[in-house]
Amino acid sequence: MSSVIEDVVKSLVEFEAALDVAKNEASEAKKKLLKDADDWAEKAKSAAMSKAQQVVSERIAKARSEVEVEAISIEQKGDESLREFEASISKRKGKAVELVVARLLGERS
């Protein structure tokens with residue numbers, strides 16, 4: 001009977017050792033899985049940030065281009081208005097000189 005008990009104890013010891021190995025392997029697998037998940041999350045975050053920066057850069061470039069076109073248009077309109085104003089002043093300059101001279105000479109118009 002002691003041989004049977006010794007065999008059972010020996011089997012239990014071997015089972016316990018195998019169980020310890022399985023626990024250690026499961027623990028290591030869990031650590032690796034968590035590390036892999038962290039690495040994956042970091043890569044996904046980096047990729048998302050990179051894509052967001054690219055989209056923002058493209059939108060800024062497009063907005064800058066649109067603003068530059070609008071600025072050129074505004075500048076052209078301003079130049080045109082200035083030329084029209086200068087032409088208007090030129091047309092009336094002679095009459096203004098006549099009125100000033102007449103005033104200085106004491107004439108009334």
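Below or above, wherever it landed, is the structure these notes cover. This is a predicted model, so every value here is computed, not measured.

Quick look at the overall build of the protein chain
1) Next: Per the secondary structure count, the protein chain includes one helix and zero strands.
2) Next: The C-alpha radius of gyration computed for the protein chain amounts to 46 Å, which surpasses the reference 13 Å derived for 109 residues by more than 25%, pointing to a less compact arrangement than a globule.
3) Next: Oriented by its inertia axes, the alpha-carbon framework of the protein chain measures out at about 150 × 25 × 10 Å.
4) Next: Looking at the protein chain as shown, the accessible area adds up to about 10,200 Å², and 61% of this sits on carbon and sulfur atoms.
5) Next: Averaging the coordinates of the 20 positive side-chain charges in the protein chain and doing the same for the 22 negative ones gives two points 13 Å apart.

Looking at the pattern of salt bridges
1) Next: Summed over the entire model, instances satisfying the criterion amount to three salt bridges.
2) Next: Put simply, Glu28 and Lys31 hold a salt bridge, and the shortest N to O gap is 3.7 Å. Note that Glu28 and Lys31 are positioned in helix H1 (residues 2–104) at a spacing of three residues, about one turn of the helix.
3) Next: Residue Lys35 pairs with Asp39 through a salt bridge whose shortest N-O separation is 2.9 Å. Of this pair, Lys35 and Asp39 are both found in helix H1, four residues apart, which corresponds to roughly one turn of the helix.

Details of H1
Turn by turn, an α-helix covers 3.6 residues, leaving residues three or four places apart pointing in a common direction.
1) Next: Relative to the 153 Å expected for 103 residues at 1.5 Å per residue, H1 spans 143 Å between its end C-alpha atoms, a close match to the ideal helical length.
2) Next: A maximum bend of about 40° is found in H1 at Lys93.

Looking at a nonpolar patch on the surface
1) Next: A cluster of nonpolar side chains, contributed by Val4, Val8 and Leu12, occupies part of the molecular surface with about 270 Å² of accessible area.
2) Next: Checked against the element boundaries, Leu12 lands in helix H1.

Side note on the environment of Phe15
1) Next: With respect to the helices, strands and loops of the structure, Phe15 is situated in helix H1.
2) Next: Spatially, the C-alpha atoms of Phe15 and Ala96 are 117 Å apart, while their sequence positions differ by 81 residues.

About the cut-offs
- Residues numbered from 1 in each chain as written.
- Predicted model: local features only at pLDDT ≥ 70, side-chain atom pairs only at ≥ 80, totals over all residues.
- Heavy atoms only, no water.
- Helix = DSSP H or I, 4+ residues; strand = E, 2+ residues; numbered from the N terminus.
- Rg over C-alpha atoms; globule rule 2.2 N^0.38 Å.
- Areas by Shrake-Rupley, 256 points an atom, 1.4 Å probe, with all protein chains shown as cover.
- Lys, Arg positive; Asp, Glu negative; His and termini not counted.
- Charge placed at Lys NZ, Arg CZ, Asp CG, Glu CD.
- Salt bridge = Lys/Arg side-chain N within 4 Å of Asp/Glu carboxyl O.
- Expected span 1.5 Å × (residues − 1).
- Bend = angle between axes of the 7 residues up to and from the residue.
- Patch = residues over 30% accessible without salt bridge, like charges linked within 9 Å, V, L, I, M, F, W, Y side chains within 5 Å.

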